[in-house]
Amino acid sequence: MADTLTAPSEDQIREALKGVMDPELKRSVVELGMVRSIVIGERGHVDVKISLTTGGCPLRGTFTTDVSERVGAVPGVTTINVDFDVLSPEEKDALKRKLGMPGGLPTGALATIGQVLCIGSG
């Protein structure tokens, strides 16, 4: 009996990526237009490129884990490669307008924290 692995479709991969949320913007990377490319190769290999709002994004590891888990659950996917690039200034401006954030996008993992409380004991 031959091994008949059915290759996943781009639509299946994109649907899986709807579950990957930008931790700062609290929306799906698909909804935000941050999925730059999906390439489905031989034997179920999938390359996904995500555009980040900033090159030094401290949450890359979170994105890599989330994309790998979501895409890895799609039938027919055997291996996943996650790559990143950065939104252009024009793309960032469009995203700010879409989200109603004229003041700008969050600039880091702690950008949404309003107050920090430190407690010490000696």
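Everything that follows concerns the structure shown earlier in this document.
Turning our attention to the sheet that holds strand S3 (residues 35-40). Strands sit in the order S3-S4-S5 across an open sheet of three strands; the sheet is mixed. Of all strands in the sheet, those bounded by a partner on one side alone are S3 and strand S5 (79-86). Each neighbouring strand pair of the sheet contributes to a mean axis angle of 15 degrees, computed without reference to strand direction. Looking at chain direction, strand S4 (residues 45-52) and S5 are connected through eight bridges and run parallel.

The subject of this paragraph is the environment of Asp83. Along the chain, Asp83 turns up in strand S5. For Asp83, a relative accessible area of 37% corresponds to the partly exposed category. Linking Asp83 and Val48, residues 35 residues apart in sequence, is a C-alpha distance of 6.2 Å. Sequence-distant contacts of Asp83, that is, excluding residues within four places in its chain, are made with Val48, Lys49 and Ile50.

With the rule as written, the count across this model stands at seven salt bridges. Residue Lys18 is joined to Glu15 by a salt bridge in which the shortest nitrogen-to-oxygen separation is 3.2 Å. Its relative accessible area of 41% is what places Lys18 among the partly exposed residues. With its nearest N and O atoms 3.2 Å apart, the salt bridge here joins Lys96 to Asp93. Note that Lys96 and Asp93 are positioned in helix H3 (residues 89-99) at a spacing of three residues, about one turn of the helix. Relative accessible area serves as the criterion here: at 22%, Lys96 is assigned to the partly exposed category.

Quick notes on the rules
Residues numbered from 1 in each chain as written. Predicted model: local features only at pLDDT ≥ 70, side-chain atom pairs only at ≥ 80, totals over all residues. Heavy atoms only, no water. Pairing = 2+ DSSP bridges. Helix = DSSP H or I, 4+ residues; strand = E, 2+ residues; numbered from the N terminus. Axes fitted to C-alpha atoms, helices over the stretch in contact; angles between N-to-C directions. Buried < 20%, exposed > 50% of the residue type's maximum accessible area, 1.4 Å probe, protein only. Contact = heavy atoms within 4.5 Å. Salt bridge = Lys/Arg side-chain N within 4 Å of Asp/Glu carboxyl O.

Don't take any of this as a statement about function, it's just geometry.
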